Amino acid sequence: AVYPPQTLREQNIKTIVEYSGRICKALDIRGLMNIQYVICEDEVYVLEVNPRASRTVPYLSKITGIQMVKVATKIFLGKTLRKMELPTGLLPQTKHVAVKSPVFSFAKLLDVDVSLGPEMKSTGEIMGIDYSYARSLYKSLVSSGISIPAKGSLLVTIADRDKDEALPLIKGFWKLGYNIHATHGTAAFLTGNGIKVKPVNKIGEKKPTILDLIYSGKVNFLINTISPDKEAEKDGVKIRRAAVELNIPCLTSLDTARALLFSVTSLKQDGGESFTSLPIHEYHRSAASAG
């Protein structure tokens, strides 16, 4: 989750604000309300509306400096925004950017597959905050346990249906200087598309296999997508568990890999990988002075 939004069109934001106001009045809601929207082909749709707070409220309170639960409680008791000297309408966007990321505890949960699906597997959330999206994103990923060195080795095992989507991502990491390891099928596909790859044998083939490579400590992170083939997926589970046991970041979502590539590339382009850690009120103070 990212605030302020980085990719939404201004017209879509206006539509969301309008819909939210109309829904709130129609349902006679006072206080906090949680609406889930989706934008498809530039159309805004409402998925569901809940007359309650969401888990994002504490984060937004920190980001904006507005104590939203306290404000909502006073509204329950009859006060108004005007009486509390608070503005109405959409709050102006902050100068700083915050990214909320899920945290997983797979290393502590034995026999749990690290692959992600529609069910909830996260055990918490953290927030990264800075003055650029790339830096905030990187902070959140590192804080959630995805710590990637500036250079090293990437092991990829990609299902056939994901290969075309994964290609520009793997090529991006390769161009950044990462060594690419892959099982023979994926290696042949990547080599045919101009990427230098070090092939590795599958589980059950002649040693050293992909598991031997992982346990050797020569892999810094993995990208492993779920295969519909049951036999291949059995190997996938073993690969992901080995990564968890050794505390090696294992990405099963290409969206996460895309976010990581964007962040690392942006940091290299702006010439620095050093970070500052500021208390939240310093971000509010700089925003107020800029305003």
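For the structure, see preceding data.
The rules behind the values
Residues numbered from 1 in each chain as written. Predicted model: local features only at pLDDT ≥ 70, side-chain atom pairs only at ≥ 80, totals over all residues. Heavy atoms only, no water. Pairing = 2+ DSSP bridges. Helix = DSSP H or I, 4+ residues; strand = E, 2+ residues; numbered from the N terminus. Contact = heavy atoms within 4.5 Å. Axes fitted to C-alpha atoms, helices over the stretch in contact; angles between N-to-C directions. Phe/Tyr/Trp six-rings, centres within 6.5 Å; stacked < 30°, edge-to-face > 60°. Buried < 20%, exposed > 50% of the residue type's maximum accessible area, 1.4 Å probe, protein only. Lys NZ or Arg CZ within 6 Å of the ring centre and 35° of its normal. Polar contact = N/O pair within 3.5 Å; in protein donor to acceptor, adjacent residues only side chain to side chain. Core = buried A, V, L, I, M, F, W, Y, C linked by side-chain atoms within 4.5 Å. Salt bridge = Lys/Arg side-chain N within 4 Å of Asp/Glu carboxyl O.

1. Some thoughts on the sheet that holds strand S1 (residues 2–3)
Here is step 1 of the chain: Spatially, the 3 strands line up as an open sheet ordered S1-S4-S5, and their pairing is antiparallel. The sheet is open, and its two edges are formed by S1 and strand S5 (124–130), each paired on a single side.
Here is step 2 of the chain: Two elements, strand S4 (residues 97–103) and S5, share 7 bridges in a ladder whose sense is antiparallel. Within the sheet, the bridge partner assigned to Val97 lies in S5 and is Asp130.

2. Regarding the sheet that holds strand S8 (residues 198–200)
Here is step 1 of the chain: With parallel pairing, 5 strands are arranged side by side in an open sheet as S8-S7-S6-S9-S10. Looking at which strands have only one partner, the edges of the open sheet turn out to be S8 and strand S10 (250–251).
Here is step 2 of the chain: Pairing of strand S9 (residues 221–224) with S10, which is carried by 2 bridges, proceeds in the parallel orientation. What sits directly across from Leu222, in S10, is Cys250.
Here is step 3 of the chain: Packed on one face of the sheet, helix H8 (residues 230–245) meets strand S6 (153–157), S9 and S10 and runs near 155° to S9.

3. As for the packing of aromatic side chains
Here is step 1 of the chain: Counted by the stated rule, this structure contains 5 aromatic pairs.
Here is step 2 of the chain: For the ring pair Phe173 and Tyr178, a centre distance of 5.7 Å and an interplane angle of 80° mean the geometry is edge-to-face.
Here is step 3 of the chain: Phe173 sits in the buried class, given a relative accessible area of 0%.
Here is step 4 of the chain: Taking relative accessible area as the criterion, Tyr178 reaches 1% and is therefore assigned buried.
Here is step 5 of the chain: Between Phe173 and Phe221, the ring centres sit 5.4 Å apart and the planes meet at 65°, which makes this aromatic pair edge-to-face. A residue pair is termed long-range when its members are at least 10 positions apart, and Phe173 in helix H5 (residues 163–175) and Phe221 in strand S9 qualify at 48 residues. Exposure class is identical for Phe173 and Phe221. Each is buried.
Here is step 6 of the chain: Aromatic ring contacts, followed pair by pair, group Phe173, Tyr178 and Phe221 into a single cluster.
Here is step 7 of the chain: One Lys or Arg, Lys100, reaches over the ring of Tyr59 and ends 5.6 Å from the middle of that ring.

4. A closer look at the pairing of strand S2 (residues 34–40)
Here is step 1 of the chain: One ladder, built from 7 bridges, connects S2 with strand S3 (residues 43–50); its direction is antiparallel. Opposite Gln36, over in S3, you have Glu48 as the bridge partner.
Here is step 2 of the chain: Adjacent in sequence and paired antiparallel, S2 and S3 are bridged by 2 residues, among which Glu41 carries a positive phi angle near 50°.

5. Remarks on the environment of Tyr178
Here is step 1 of the chain: As for its position among the elements, Tyr178 is in the loop between H5 and strand S7 (179–183).
Here is step 2 of the chain: Setting aside its immediate chain neighbours within four residues, Tyr178 contacts Ile148, Pro149, Ala150, Lys151, Gly152, Ser153, Phe173, Phe221 and Val264.

6. Remarks on the environment of Gln6
Here is step 1 of the chain: Relative to the elements of secondary structure, Gln6 occurs in the loop between S1 and helix H1 (10–27).
Here is step 2 of the chain: Note on Gln6: relative accessible area 40%, which makes it partly exposed.
Here is step 3 of the chain: With 127 residues separating them in the primary sequence, Gln6 and Tyr133 have C-alpha atoms 7.9 Å apart.
Here is step 4 of the chain: Beyond its immediate sequence surroundings of up to four residues, Gln6 is in contact with Val97 and Tyr133.
Here is step 5 of the chain: Here Pro4 takes part through its backbone oxygen, which lies 2.8 Å from a polar atom of the side chain of Gln6.

7. Focus: the nonpolar core
Here is step 1 of the chain: The biggest cluster of nonpolar side chains holds 31 residues, and the ones touching the most others in it are Val156, Ile170, Phe173, Ile180, Leu190, Ile223 and Leu260.
Here is step 2 of the chain: Looking at this core, the elements that each hand over two or more residues are helix H4 (133–143), S6, H5, S7, helix H6 (184–192), S9 and helix H9 (254–269).
Here is step 3 of the chain: If one sorts the elements of this core by residue count, H9 sits on top with 7 residues.
Here is step 4 of the chain: When near neighbours in sequence (up to four residues on either side) are disregarded, Ile223 contacts Leu154, Leu155, Val156, Thr157, Ile158, Phe173, Leu251, Leu254 and Ala257.
Here is step 5 of the chain: Counting 13 residues, the second largest nonpolar core, distinct from the first, contains Leu155, Ile214, Ala243 and Cys250.

8. Quick notes on the pattern of salt bridges
Any two side chains of opposite charge can pair if their charged atoms end up close together.
Here is step 1 of the chain: Inspection of every chain in the model, using the stated rule, returns 10 salt bridges.
Here is step 2 of the chain: Measuring nitrogen to oxygen at the nearest pair gives 2.7 Å for the salt bridge that ties Asp28 to Arg30.
Here is step 3 of the chain: Classification of Asp28 by relative accessible area gives exposed; the value is 52%.
Here is step 4 of the chain: On the basis of relative accessibility, which here comes to 55%, the residue Arg30 falls in the exposed class.
Here is step 5 of the chain: Taken together, the shared-partner salt bridges connect Arg55, Lys100 and Glu125 into one network.

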